[in-house]
Amino acid sequence: MTDNVSRGTELPRPVQTRILTVANQKGGVGKTTSTVNLAAALATGGLHVLVIDLDPQGNASTALDIPHHAGIDDIFRVIVDGEPMENVVQSVPHTPNLWCVPATINAAGAEVLLAPALAREFRLQRALNKYLLDHELKHGRRLDYVLIDCPPSLGLLTVNAFVAAREVLVPIQCEYYALEGVTQLRTTIGMIVDGLNPGLAISTVLMTMYDGRTKLAQDVVDAVRQAFGKVVLESLVPRSVRLSEAPGNHQTVLNYDPTSPGALAYINAAEELAYRDPLNPELTRPQRNQSAEVL
C-alpha cells in the first residue's frame, strides 16, 4: 500500500475547465468508485482536479480521506446557506493536485430546504463559477476538471449537478439490466437541456464490473456500445477486490494497490477521457498499450 500516488504520464490540459457530473439513477454501478479513481488518475497526470461530493452518504469523501463528520462545513453549507466554496474545499492528503468538497449527513436535508428556495436549480453552478476564479487566483492556474458525484436519485441535488456541468459521465455495470435507469436518466437530461442547461450532453460512458470470463459481460458491453456509440470508453473496469477494499482504507485504488487491474483500468480510462476533449477534437492519444488486463 502507498501513502501517495506517484506521478503518472503527463496528460493534456483541456481547452477550458471540464465539468462532469457522474450520474446513474441505478445504484451499485460504481459511480463513486469511478468518480474518485478517475479524479486521482487525472491528478497524477499533472492536472488540477476537484471532486464535489453531493451524496449525503459521503462515500467519495471517505475514499479521499476527507473529514465529513457532523460539524464539518460541507456542500450543504454551500448550496443552502451560500457559504463560499473556497471555505469548504479541502486538499486530498494522499494525492497532490486533487481537492474535494465534502458531503455530510446534513446534505440529506438539502432537498427539503431547496424546494422553496429562489433559483434553487442554480445554487451549485453559481458557487462553482465563483470558486473557479478563486482557485486560479490562489494556485496560479485554473482547475482542469471538476467531477461531481451525485446521489442515486434524480432530485434537486442531482438537478443542481446537471445545471452546473457541461458533460455527464455515466458508469454502467456489465450485468443484467445494465441499461435499467438510463432511460429515465436520458429523459431527465433532456428536460435539463430544454429548460435549464442547453449545453449539457452525455459525453462519456464507462463500463464497470467487467468479468472477461463470462459471455454476459461482453454481450452487455456490445449492447451499451450499440446504444451510446462513440461516447463509450474503450477502457473496461474489471470486478476487483482491491477496488472494494480501497475506500475502507480511506484511499483510492491508485493509492491502495497502484499495480492492480482496477488501478490500471482507471489510469487508462482517465487518459482516454483526457484525450477526448470536446473542444479539441484534433487531440490525438499517443499509440501505446491502451487497455489494462481485465479478469
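Refer to the structure above for everything that follows.
Keep in mind it's a predicted model, so treat the numbers as computed, not measured. (Residues numbered from 1 in each chain as written. Predicted model: local features only at pLDDT ≥ 70, side-chain atom pairs only at ≥ 80, totals over all residues. Heavy atoms only, no water.)

1. Thoughts on the packing of aromatic side chains
Step number 1: Under the definition given, this model contains zero aromatic pairs.
Step number 2: Seen from the ring of phenylalanine 228, arginine 186 lies directly overhead, with NZ or CZ sitting 4.1 Å from the centre. (Phe/Tyr/Trp six-rings, centres within 6.5 Å; stacked < 30°, edge-to-face > 60°. Lys NZ or Arg CZ within 6 Å of the ring centre and 35° of its normal.)

2. Side note on the sheet that holds strand E5 (residues 145–149)
Step number 1: With mixed pairing, the eight strands of this open sheet are ordered in space as E3-E4-E2-E5-E1-E6-E7-E8. Each edge of the open sheet is held by one strand with a lone partner, namely strand E3 (90–91) and strand E8 (232–238).
Step number 2: Docked against the sheet, helix H1 (residues 31–44) engages strand E1 (18–22), strand E2 (49–53), strand E4 (98–101), E5, strand E6 (167–173) and strand E7 (201–210), running at close to 165° with respect to E5.
Step number 3: On top of the sheet, helix H11 (residues 261–274) reaches E1, E5, E7 and E8; it is set at about 165° to E8, its chief contact. (Pairing = 2+ DSSP bridges. Helix = DSSP H or I, 4+ residues; strand = E, 2+ residues; numbered from the N terminus. Contact = heavy atoms within 4.5 Å. Axes fitted to C-alpha atoms, helices over the stretch in contact; angles between N-to-C directions.)

3. Things to note about the packing of H1 against H11
Step number 1: Axis separation between H1 and H11 bottoms out at 8 Å; the angle between their running directions is 70°. Viewed along their axes, H1 and H11 adopt a mutual orientation that is roughly perpendicular. Contact with H1, carried on its side by Thr33, Ser34, Asn37, Leu38, Ala41 and Leu42, involves Tyr266, Ile267, Ala269, Ala270, Leu273 and Ala274 of H11 and no other residues of that element.
Step number 2: Tallied by class, residues from the contact of H1 with H11 come to nine nonpolar, three polar and no charged. (Parallel < 35°, antiparallel > 145°, perpendicular 65-115°, else oblique. Nonpolar A, V, L, I, M, F, W, Y, C, P; charged D, E, K, R; others polar.)

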